[in-house]
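What follows is each chain in one-letter form.
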Amino acid sequence: MDARLPAHMEVSALIRRIESEGGFGMVLSKGERDAGTLMVVLVERGRDSRAYERMPQLDGTRKWTLSREQDPEKPWEFSEFLERRGKQDPDLWIVELDIADGVRFIEAE
């Protein structure tokens with residue numbers, strides 16, 4: 001079992017790290033303070049949104065996985081997806097990180 005930081009601390013650390021590299025981070029939706037789950041929305045200059053969530057693996061670990069990409073022809077669908085996910089899981093934190101090559105900060109594969 002992985003030791004987990006409380007959700008609010010992980011969110012704060014991610015935002016500070018992004019901002020120290022010249023990017024911008026913002027909490028879109030707050031979840032449960034300590035045991036909440038986290039969705040990271042990566043964008044570059046406010047465009048090309050991609051949502052990542054940690055998904056359980058067979059070996060018991062949780063890997064960052066791409067959940068949804070914004071369709072440039074239908075950008076509103078991405079916002080609707082975030083809204084639905086927030087309603088499905090009230091413990092979910094949604095954090096937007098705006099920086100080039102943002103995936104390096106969450107180590108997604």
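Draft legend 1. Quick look at the sheet that holds strand 5 (residues 93-98). Pairing within the open sheet is mixed, and its five strands lie in the order 1-5-2-3-4. One side of each edge strand has no neighbouring strand; the edge strands of this open sheet are strand 1 (24-29) and strand 4 (62-69). The sheet shows a mean angle of 25° between the axes of neighbouring strands, taken without regard to direction. Strand direction decides the pairing type here: strand 1 and strand 5, joined by five bridges, are antiparallel. Residue pairing in the sheet places valine 27 in a bridge with valine 95 of strand 5. Together, strand 1, strand 2 (38-44), strand 3 (47-56), strand 4 and strand 5 form the strand contacts of helix 1 (residues 7-20), whose direction differs from that of strand 5 by roughly 5°.

Draft legend 2. Quick look at unusual backbone geometry. Of note, arginine 45 is a non-glycine position whose phi angle comes to about 55°, a positive value. Along the polypeptide, arginine 45 turns up in the loop between strand 2 and strand 3. Here arginine 45 falls in the exposed class, since its relative accessible area comes to 77%. The phi dihedral of aspartate 48 is positive, around 55°, even though this residue is not glycine. Of note, aspartate 48 is situated in strand 3. Residue aspartate 48 is classed as exposed on the basis of its relative accessible area, which comes to 52%.

Draft legend 3. Expanded view of the nonpolar core. Leu38, Val40, Leu97 and Ile106 are the most contacted members of the largest nonpolar core, which totals 16 residues. Mapped by element, the contributors of at least two residues to this core are helix 1, strand 2 and strand 5. Here this core gets five residues from one element, more than from any other, and that element is helix 1. If we skip the residues at most four places from it in the chain, leucine 38 touches Glu10, Val11, Leu14, Tyr52, Glu53, Arg54, Trp64, Leu92, Trp93 and Val95.

Draft legend 4. Spatial organisation of the environment of glutamate 19. For glutamate 19, the location among the structural elements is in helix 1. For glutamate 19, the residues in contact, after removing those within four places along its chain, are Phe24 and Gly25.

Draft legend 5. Looking closely at a nonpolar patch on the surface. Among the surface-exposed residues, Phe24, Met26 and Leu28 lie close enough to one another that they form a single nonpolar patch of about 270 Å² accessible area. Structurally, the position occupied by methionine 26 is in strand 1. For methionine 26, a relative accessible area of 35% corresponds to the partly exposed category.

Draft legend 6. The arrangement of the packing of aromatic side chains in detail. All chains considered together, the criterion is met by one aromatic pair. When the centroid spacing of 6.3 Å and the interplanar angle of 45° are considered together, the rings of phenylalanine 78 and phenylalanine 81 count as tilted. Of this pair, phenylalanine 78 and phenylalanine 81 both sit in helix 2 (residues 75-88), three residues apart, which is roughly one turn of the helix. Like phenylalanine 78, the residue phenylalanine 81 is buried in the burial classification.

The rules behind the values
- Residues numbered from 1 in each chain as written.
- Predicted model: local features only at pLDDT ≥ 70, side-chain atom pairs only at ≥ 80, totals over all residues.
- Heavy atoms only, no water.
- Pairing = 2+ DSSP bridges.
- Helix = DSSP H or I, 4+ residues; strand = E, 2+ residues; numbered from the N terminus.
- Axes fitted to C-alpha atoms, helices over the stretch in contact; angles between N-to-C directions.
- Contact = heavy atoms within 4.5 Å.
- Buried < 20%, exposed > 50% of the residue type's maximum accessible area, 1.4 Å probe, protein only.
- Core = buried A, V, L, I, M, F, W, Y, C linked by side-chain atoms within 4.5 Å.
- Patch = residues over 30% accessible without salt bridge, like charges linked within 9 Å, V, L, I, M, F, W, Y side chains within 5 Å.
- Areas by Shrake-Rupley, 256 points an atom, 1.4 Å probe, with all protein chains shown as cover.
- Salt bridge = Lys/Arg side-chain N within 4 Å of Asp/Glu carboxyl O.
- Phe/Tyr/Trp six-rings, centres within 6.5 Å; stacked < 30°, edge-to-face > 60°.

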